[in-house]
Amino acid sequence: MALNFSEILVVGVSSRALFNLEIENEIFQTENVEGFRKYQLEHENELLSEGTAFPLIKSLLKLNEIASKQIVEVVVMSRNSPETGVRVLKSIKHFNLPITRWAFSGGDPLAPFIDAFDVDLFLSKDEIEVQKISDTSKCATALIYAPPTDYIPEMDRVKFAFDADAVVFSEESEQIYKEKGIEAFHKHESDNEDIPLNDGPFAELLRKLSKIQEFLPTTIELTPLRIAIVTARNAPSHMRVIKTLRHWGVYVDEAYFMGGLSKDKVLKAFGAHIFFDDQESHLDGSSKVVPSGKVLYKTDSPLKKYENAKLIENSDEEVKKK
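Residues numbered from 1 in each chain as written. Predicted model: local features only at pLDDT ≥ 70, side-chain atom pairs only at ≥ 80, totals over all residues. Heavy atoms only, no water.

(A) Representation of the packing of helix α6 (residues 172-180) against helix α7 (residues 182-191) in the model. Between α6 and α7, the least distance of the axes is 7 Å, while the angle of their chain directions is 145°. Remark: the crossing between α6 and α7 carries right-handed chirality. Of the residues in α7, those touching α6 at Ser173, Ile176, Tyr177 and Lys180 are Ile182, Ala184, Phe185, His188 and Glu189. Of the residues contributing to the contact of α6 with α7, the split by class is 5 nonpolar, 2 polar and 2 charged. (Axes fitted to C-alpha atoms, helices over the stretch in contact; angles between N-to-C directions. Helix = DSSP H or I, 4+ residues; strand = E, 2+ residues; numbered from the N terminus. Left-handed = near helix turned anticlockwise from the far one by under 90°. Contact = heavy atoms within 4.5 Å. Nonpolar A, V, L, I, M, F, W, Y, C, P; charged D, E, K, R; others polar.)

Shown next as structure tokens:
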């Protein structure tokens, strides 16, 4: 009989997001697969150090120890071959991570295997892979940044933090802000306060997190799986967010409406195990204090066009400076 993951959070994590494999990745880029294979075999008995996603994965798996049933499943997904992946498997065993599923694709893309493993959230440091999954799958996915320095994770609770627009909610409101400015955005959100926002790429993940909270041994207000919204919105656009979450039946433990202030200090105070945002301007600061991941726009998204135009503009400015 097929396994039912409807009440289990399935996280797919790349080996390079779970462990520090930056030296190995550089070897792959410069010496191709032959050099990479040689290096991995020569260093097979050297344990890998923790990567950006390690604290999140370790803390999530600990929830199974206190839940009334299994609520978390982790799949390590890698473009390694089974042979070159032995070092990853030895490191998983060393850190006592109760992971029993792996996908070693031998160089092929991982995107086609996301649905095969019923993955709800995929974390990777490969932008091409993340973009492909974003374009072709309903799975929430993010491009993981380098780990922050001096970050000490809380081990008894797991803390997720999400941006609002273009992450938990759809891009529609943010597009109004981009095209018409902040006043038009606030008016639109105030006028539509009682109309729930449409789903964004992480909406289903938020619902799944809310669902598995039910199997933890505390009331929802004291849950060890905490969820925060950290958004640039402020009054009068804040009420639509709160009412949408209520309409979804999702309990969010904390919400911070920053009104354009930097998010990094709030995220550090919250102690997020992971923060998801769609904008570099926020992630540049947040990734220095908490593990962070960028939510990529779909290739055909209007916001992707704005992002690309901004990159070209910044590139032109750099050329002028030279």
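(B) Structural detail: the pairing of strand β3 (residues 101-104). In the sheet, strand β2 (residues 72-78) pairs with β3 via 4 bridges, with the strands oriented parallel. Residue Ser78 lies in a different strand from β3, and its bridge partner there is Phe104. Traced from β2 through helix α4 (residues 86-94) to β3, the parallel crossover comes out right-handed. (Pairing = 2+ DSSP bridges. Right-handed = clockwise from strand over helix to strand, strands pointing away.)

(C) Inspection of the pairing of strand β9 (residues 274-277) at higher detail. Residues Ile274 and Phe276 of β9 are buried on one face, and the alternating residues Phe275 and Asp277, pointing to the opposite face, are buried as well. Summarising the sheet, strand β6 (residues 158-162) and β9 pair through 3 bridges and their orientation is parallel. The residue of β9 that forms the bridge with Ala161 is Phe275. As judged from the 3 bridges shared by β9 and strand β10 (residues 292-294), these two strands associate in the parallel manner. Opposite Phe275, over in β10, you have Ser292 as the bridge partner. Viewed along the sheet, the connection from β9 through helix α11 (residues 280-286) into β10 turns out right-handed. (Buried < 20%, exposed > 50% of the residue type's maximum accessible area, 1.4 Å probe, protein only.)

(D) View of α7. Residues of α7 that are buried include every one of Phe185, His186 and Glu189, and no others. Looking straight down α7, one finds that the buried residues subtend no more than 95° of arc, so they occupy a single side. Among the exposed residues of α7, those pointing more than 90 degrees away from its buried face are Glu183, Lys187 and Asp191. Where the residues of α7 are buried, they touch α6 and α9 (238-248). (Arc of directions from axis to C-beta.)

(E) Geometry of the environment of Phe270. Checked against the element boundaries, Phe270 lands in helix α10 (residues 264-270). By relative accessible area, which is 4% here, Phe270 ends up buried. With 75 residues separating them along the chain, Phe270 and Ile195 place their C-alpha atoms 29 Å apart. The residues touching Phe270, leaving out its near neighbours within four places in the chain, are Lys159, Phe160, Ala161, Arg226, Ala228 and Glu254.

(F) Geometry of the pattern of salt bridges. For the structure on display, the rule yields 29 salt bridges. Across the pair Glu83 and Arg37 runs a salt bridge whose closest N-O atoms are separated by 2.7 Å. Taken as a pair, Glu83 in the loop between β2 and α4 and Arg37 in helix α2 (residues 22-42) lie far apart in primary sequence, 46 residues in all. On the basis of relative accessibility, which here comes to 36%, the residue Glu83 falls in the partly exposed class. (Salt bridge = Lys/Arg side-chain N within 4 Å of Asp/Glu carboxyl O.)

(G) Here's a closer look at the sheet that holds strand β8 (residues 254-257). Across the sheet, which stays open at both edges, the 10 strands sit in the order β3-β2-β1-β4-β5-β10-β9-β6-β7-β8 with mixed pairing between neighbours. Looking at strand neighbours, the two that pair on one side only are β3 and β8, the edges of this open sheet. Strand-to-strand, the axes of this sheet are offset by a mean angle of 25°, without reference to chain direction. Running at roughly 125° to β6, helix α3 (residues 54-66) makes contact with β1 (9-14), β2, β4 (121-124), β6, β7 (225-231) and β9 of the sheet.

(H) Inspection of the packing of aromatic side chains at higher detail. Under the definition given, this model contains 10 aromatic pairs. The interplanar angle of 50° and the centroid separation of 5.4 Å between the aromatic rings of Phe169 and Trp248 together place this pair among those described as tilted. Taken together, the residues Phe169 in the loop between β6 and α6 and Trp248 in helix α9 connect sequence positions 79 residues apart. On the basis of relative accessible area, Phe169 is assigned to the buried category, the value being 0%. Residue Trp248 is classed as buried on the basis of its relative accessible area, which comes to 14%. Members of the aromatic cluster, joined through ring pairs, are Phe160, Phe162, Phe202 and Phe276. For the cation-ring pair, Lys69 lies above Phe215, with the distance from its terminal atom to the ring centre recorded as 4.8 Å. A cation over a ring is seen here: Lys159 above Phe270, with NZ or CZ 5.3 Å from the ring centre. (Phe/Tyr/Trp six-rings, centres within 6.5 Å; stacked < 30°, edge-to-face > 60°. Lys NZ or Arg CZ within 6 Å of the ring centre and 35° of its normal.)

(I) Region of interest: the nonpolar core. Judged by nonpolar contacts, the single largest core of 56 residues is most densely connected at Leu123, Phe160, Phe162, Phe202 and Phe276. For this core, the leading source of residues is α3, giving 6 residues. Here Phe276 is in contact with Leu121, Leu123, Ala142, Phe160, Ala161, Phe162, Asp163, Val167, Phe202, Gly293 and Val295, once residues within four sequence places are set aside. Grouped together as the second largest cluster of nonpolar side chains are 13 residues, Phe5, Val75, Met77 and Ala103 included. (Core = buried A, V, L, I, M, F, W, Y, C linked by side-chain atoms within 4.5 Å.)

(J) View of the environment of Asn20. Considering the arrangement of structural elements, one finds Asn20 in the loop between α1 (15-18) and α2. By relative accessible area, which is 37% here, Asn20 ends up partly exposed. Sequence spacing of Asn20 and Leu209 is 189 residues, and the spatial spacing of their C-alpha atoms is 27 Å. Apart from the residues lying within four places of it in its own chain, the contact partners of Asn20 are Leu48, Ser49, Glu50 and Gly51.

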